[in-house]
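Overview (structure and organization)
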Amino acid sequence: MSEQVRPDEAAQALAQIRQQQQRVIDLAMLPTWYWWIVAALVVGLSATVDAARQRPVVIALAAVAFALAIAGLTIRVVLGAWRRAQWRNQLLGSRGVLLILGFVWLVVGTTLGIAFALEAVGVRQSATLASLVGAAVMIAGGPVLTRILRRLMLDNQARGR
Amino acid sequence: MAAARFDELIHAPTRLAIVALLATSEWAEFKFIRDSVGLSDSALSKQLTTLERAGYLDIRKDFVGKRPRTSARLSKAGRAAFERHVAALQEVLAGSGASLLPQ
């Protein structure tokens with residue numbers, strides 16, 4: 001039967017397969033606005049820390065509100081897509097997991113490193129200033145990470161993982 | 001890569017779209033499949049039943065709150081058949097000197 005399929009028909013079928021697979025993989029991708037909201041929440045928490053240094057209760061409440069907001073947002077975005085189609089975990093692979101962890105460490109490391117450095121030289125708004133840099137890394141790097149992960153998942157799918 | 005074997009059941013355009021979608025998923029919701037492949041509810045049900053009878057699909061029905069939800073996934077046999085079918089399509093292309101991987 002395959003002998004009866006013309007090369008152009010085969011190419012069309014493979015293109016259709018690729019298009020459908022992209023639909024599922026696109027579901028797994030975080031939208032750009034997600035990074036903006038997370039960045040705003042990080043800056044908000046840091047500004048609260050700087051403004052309420054002598055009031056640990058306020059900082060604790062802000063930290064809890066921050067954690068709840070991040071968790072709620074992430075669950076809403078990821079589970080919303082997950083309910084529609086559960087992409088195969090193998091598509092992300094260990095390389096994808098390492099990329100995500102590396103990005104988290106880049107953002108956290110950059111933010112903490114700058115914050116401690118500013119604190120050491122006596123800058124009063126050290127947390128806020130450092131978080132602004134961390135937020136910029138997140139806003140610029142988040143969509144790049146998303147594009148790399150998408151490419152990786154498509155490659156893994158093509159390799160039959 | 002899987003051994004190439006053309007599968008007439010999978011090759012029909014609507015079923016190819018359904019199977020390709022499910023090949024990237026563990027489970028996919030009926031509505032997501034319907035919207036992705038552009039079929040009516042009844043047309044999709046018919047195609048899913050055909051694939052299920054061939055042993056290529058598992059269908060799951062459950063409830064989200066009080067709302068019924070139908071999901072589908074490729075069975076082991078269905079996934080193997082799809083991989084063989086993709087290999088067959090690639091062989092046709094390779095034989096013609098062209099190349100297009102389903103990335």
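Up top you'll find the structure we're talking about.
Residues numbered from 1 in each chain as written. Chains lettered and ligands numbered in written order. Predicted model: local features only at pLDDT ≥ 70, side-chain atom pairs only at ≥ 80, totals over all residues.

**Things to note about the interface of chain A and chain B**
Operational definition: A residue pair is marked as a contact if its C-beta atoms, positioned from the backbone, fall within 7 Å. Secondary structure elements are taken from DSSP: a helix is a run of H or I of four residues or more, a strand is a run of E of two residues or more, and numbering for both begins at the N terminus. Strands are treated as partners if at least two bridges between them are detected by DSSP.
Contact with chain A, which involves 29 residues of that partner, is made by 31 residues of chain B. Sorting the residues of the side of chain A that touches chain B by element identifies helix 1 (7-27), helix 3 (56-84), strand 1 (85-87) and helix 5 (126-158) of chain A as the ones contributing at least two each. Ranked by residue count, the leading element in the side of chain A that touches chain B is helix 1 of chain A, at 14 residues. Pairing of strand 1 of chain A with strand 1 (residues 25-29) of chain B, which is carried by two bridges, proceeds in the antiparallel orientation. Bridged to Ala85 of chain A within strand 1 of chain B is Ala28 of chain B.

**Considerations on the packing of helix 2 (residues 13-23) of chain B against helix 3 (residues 30-37) of chain B**
Residues and elements named next belong to chain B. Quick reminder of the rule: Orientation is described by lines fitted to C-alpha atoms, with helices fitted over the stretch in contact, and by angles between N-to-C directions that extend from 0 to 180 degrees. Any angle that is under 35 degrees is reported as roughly parallel, and any over 145 degrees as roughly antiparallel; angles of 65 to 115 degrees are reported as roughly perpendicular and all others as oblique. Throughout, a crossing is termed right-handed when the near helix is turned clockwise from the far one, and left-handed when it is turned anticlockwise from it by less than a right angle. Residues are grouped as follows: Ala, Val, Leu, Ile, Met, Phe, Trp, Tyr, Cys and Pro are nonpolar; Asp, Glu, Lys and Arg are charged; all remaining types, including Gly, are polar.
Taken N-terminus to C-terminus, the directions of helix 2 and helix 3 make an angle of 130°; their axes are 10 Å apart at the nearest point. Comparing the axis directions of helix 2 and helix 3 gives the class oblique. For the pair helix 2 and helix 3, the sense of crossing is right-handed. Side by side, helix 2 and helix 3 meet where Thr14, Ala17, Ile18 and Leu21 of the first sit next to Ile33, Ser36 and Val37 of the second. Class assignment for the residues of the contact of helix 2 with helix 3 results in five nonpolar, two polar and no charged.

**Overview of the environment of Ile59 of chain B**
Residue and element names in this part refer to chain B. What counts, and what does not: Counting other C-beta atoms within 10 Å of its own, a residue is labelled buried from 20 upward, exposed at 12 or fewer, and partly exposed in the gap between, with every C-beta atom placed from the backbone.
Mapped onto the fold, Ile59 is located in strand 2 (residues 57-64). Looking at Ile59, the number of C-beta atoms within 10 Å reads 14, which means it is partly exposed. Separated by 49 residues in sequence, Ile59 and Ile10 place their C-alpha atoms 17 Å apart. Sequence-distant contacts of Ile59, defined by excluding residues within four places in its chain, comprise Leu48, Glu52, Thr70 and Ala72.

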